[in-house]
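Here is what each chain is made of, one letter per residue.
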Amino acid sequence: MARVLITGATGFIGSHLARACVVRGDDVTLVVRPSSDLARVSDLSAQLQIHRVLLTDQPAMHACMKDAQPEVIFHLGARTRFTKSQDLSDFATSIDDNLKTLLGIVSAAATLPAPPSAFVRAGTIAEYGSVAPPYREDMREAPNSAYGASLLAGTQFLEALRPRLPFATSTARLALTYGPGQSRDFLLPSLIHTCLNNEPFIVARPEDRRDLIHVSDVVSALLRLADLEHAAPGLVNIGTGRAPTMRALAKLVINATGASPDVIRFGDQEEDDVVELRIDPTRQRQQLQWSPRIDLEEGVAMTVDDARATRPNGTNRRSA
């Protein structure tokens, strides 16, 4: 049991992490934006301490830290979507929303009389950008979005700060995470929804390849990093090292849902237009002594079972 503080816990991955920490008996504090929707953790509210503050509000963050006295901090709070703007305001906003928030929480934690033992942050495979896969942690990254660039800046800031901080820090550079409760803004939950409702769906880029990891495995990796404290690497990829095509993913969904194969159609895609996102898992195996346990077929079946149990009324036609 530990005193745990989590940012981003109202999101997809963060809510699963908060639930896992509650289940294992941790004293859990969530730091959420004033406008955050608590629906994903509403059933846990009696077992949580919740602070609605901005991570960039230093006095509020210091008060929050003083109250929580965390032994472990998980920083998952990040904005992932930015609309491209001609005046480059998307990049400016990403600095405010992703880099300044990281520095705010690190600063508040560093000034505690009894600092935490571990600070674990979620990074993203998008930090690698346009470099060729498989992605290794020692590669020169080439991000091509405000999200990827701002998260990479955070990774590098945290690495520069490590010698000055009174606690261990680690960035888990996550592959594409899926599982129960994920928004239908993403391909897999959209596929599952449409197959369960026998709606037509178009997979526009069926030959693209993605490293997909179940959210339960991501939570396991984050907890493992926290347990390792100073033995944890400063940066580590978290993923499977495998990248099936989106055509293969769609077929897994068809099999798991029992839908007609005619429900899903595939767009034409040129061979030289295939995008592959895949990590090299060597460091996670060697330094974390950890690997994902849920293969994609099992994970898709688990996600379908959850969607069946919680499916709402109504339909929603989408293409991706």
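As the structure is a prediction and not an experimental result, all values here were calculated from the model.

Participant: It is not clear to me how the overall build of the protein should be interpreted in this structure. Could you clarify?
Facilitator: Across its full length, the protein carries nine helices and 14 strands. Rg of the C-alpha trace for the protein: 20 Å, near the compact-globule value of 20 Å for 320 residues, within the 12% margin. Counting only C-alpha atoms and orienting by the principal axes, one finds that the protein spans roughly 60 × 45 × 45 Å. Scored against the burial criterion, the 320 residues of the protein give a buried share of 51%.

Participant: Please explain the pattern of salt bridges as it appears in this structure.
Facilitator: Any two side chains of opposite charge can pair if their charged atoms end up close together. One pass over the full model with this rule turns up 15 salt bridges. Where K100 meets D96, a salt bridge forms, and the shortest distance between an N and an O atom there is 3.1 Å. Taken as a pair, K100 and D96 lie in helix α3 (residues 89–110) at a separation of four residues, close to a single helical turn. Judged by its relative accessible area of 44%, K100 falls in the partly exposed class.

Participant: What's the story with unusual backbone geometry in this structure? I'm lost.
Facilitator: Excluding glycine, residues mostly carry a negative phi; peptide bonds, for their part, are mostly trans. Cis geometry marks the peptide bond from P133 to P134, where omega comes out at 0°. In this fold, P134 is placed in the loop between β5 (118–124) and α4 (146–161). The phi torsion at Q69 lies on the positive side, around 50°, for a residue other than glycine. Looking at where Q69 falls in the secondary structure, it is placed in the loop between α2 (58–68) and β4 (72–75). In the Ramachandran plot, L88 falls in the positive-phi region, its phi being about 65° despite a non-glycine side chain. Among the residues examined, L88 registers a relative accessible area of 55% and is labelled exposed.

Participant: Please explain the environment of S130 as it appears in this structure.
Facilitator: In this fold, S130 is placed in the loop between β5 and α4. Apart from the residues within four sequence positions on either side, S130 is in contact with A142 and N144.

Participant: Can you help me understand the side chain of T29 in this one?
Facilitator: Along the chain, T29 falls in strand β2 (residues 27–32). When residues no more than four places from it in sequence are discounted, the contact partners of T29 are V4, L5, I6, Q49, H51 and A68.

Participant: How should the sheet that holds β4 be read in this particular structure?
Facilitator: Pairing within the open sheet is parallel, and its seven strands lie in the order β3-β2-β1-β4-β5-β6-β11. Taken across any chain shown, the strands that pair with only one partner, and hence form the sheet edges, are β3 (48–52) and β11 (235–238). Here the average twist between neighbouring strands, direction ignored, is 20°. Sheet analysis places strand β1 (residues 3–7) next to β2, joined by five bridges and oriented parallel. Residue pairing in the sheet places R3 in a bridge with D27 of β2. Taken strand by strand, α2 contacts β1, β2, β3 and β4, and its axis lies near 150° from that of β1. Across the face of the sheet, α3 comes into contact with β1, β4 and β5 while running at roughly 175° to β4.

Participant: What exactly am I supposed to notice about the packing of α2 against α3 here?
Facilitator: Geometrically, a packed helix pair is captured by the angle between its two axes and the distance between the axes. In contact at an axis separation of 9 Å, α2 and α3 are set at 50° when each is read in the N-to-C sense. Here α2 is positioned oblique relative to α3, judged by the angle of their axes. The handedness of the crossing between α2 and α3 is right-handed. Across from Q58, M61, H62 and M65 in α2, the residues of α3 making contact are G104, I105, S107, A108 and A109. Here the contact of α2 with α3 is built from residues that sort into five nonpolar, four polar and no charged.

Participant: What am I meant to see in the packing of helix α1 (residues 12–23) against helix α6 (residues 215–228) here?
Facilitator: Where α1 contacts α6, the two axes come as close as 9 Å, and the packing angle between them is 65°. At the point where α1 passes α6, the crossing takes the right-handed sense. Contact residues: F12, I13, H16, L17, A20 and C21 in α1; V215, V218, V219, L222 and L223 in α6.

Participant: What exactly am I supposed to notice about α6 here?
Facilitator: The end-to-end C-alpha distance of α6, which contains 14 residues, comes to 20 Å, matching closely the 20 Å that a straight helix rising 1.5 Å per residue would cover. Taken across its 14 residues, α6 has 10 buried, putting it largely inside the fold. Residues V215, D217, V218, V219, A221, L222, L223, L225, A226 and L228 constitute the buried set of α6. Positive backbone phi, approximately 50°, marks E229, located one or two places after α6.

Participant: How do you make sense of the packing of aromatic side chains when you look at a structure like this?
Facilitator: The description of an aromatic ring pair uses the distance of the two centres, along with the angle that the planes make with each other. Under the definition given, this model contains two aromatic pairs. Ring centres of Y128 and Y135 lie 4.7 Å apart, and the angle between their planes is 15°; on these two criteria the pair is classed as stacked. Of the residues examined, Y128 reaches a relative accessible area of 0% and is grouped as buried. With relative accessibility at 1%, the residue Y135 sits in the buried group. Over the ring of Y128 we find R173, and its NZ or CZ is 4.6 Å from the ring centre. Sitting above the plane of the F266 ring, R247 keeps its charged end 4.6 Å from the centroid.

Rules used in this analysis
Residues numbered from 1 in each chain as written. Predicted model: local features only at pLDDT ≥ 70, side-chain atom pairs only at ≥ 80, totals over all residues. Heavy atoms only, no water. Helix = DSSP H or I, 4+ residues; strand = E, 2+ residues; numbered from the N terminus. Rg over C-alpha atoms; globule rule 2.2 N^0.38 Å. Buried < 20%, exposed > 50% of the residue type's maximum accessible area, 1.4 Å probe, protein only. Salt bridge = Lys/Arg side-chain N within 4 Å of Asp/Glu carboxyl O. Contact = heavy atoms within 4.5 Å. Pairing = 2+ DSSP bridges. Axes fitted to C-alpha atoms, helices over the stretch in contact; angles between N-to-C directions. Parallel < 35°, antiparallel > 145°, perpendicular 65-115°, else oblique. Left-handed = near helix turned anticlockwise from the far one by under 90°. Nonpolar A, V, L, I, M, F, W, Y, C, P; charged D, E, K, R; others polar. Expected span 1.5 Å × (residues − 1). Phe/Tyr/Trp six-rings, centres within 6.5 Å; stacked < 30°, edge-to-face > 60°. Lys NZ or Arg CZ within 6 Å of the ring centre and 35° of its normal.

None of this, on its own, says anything about what the molecule does.
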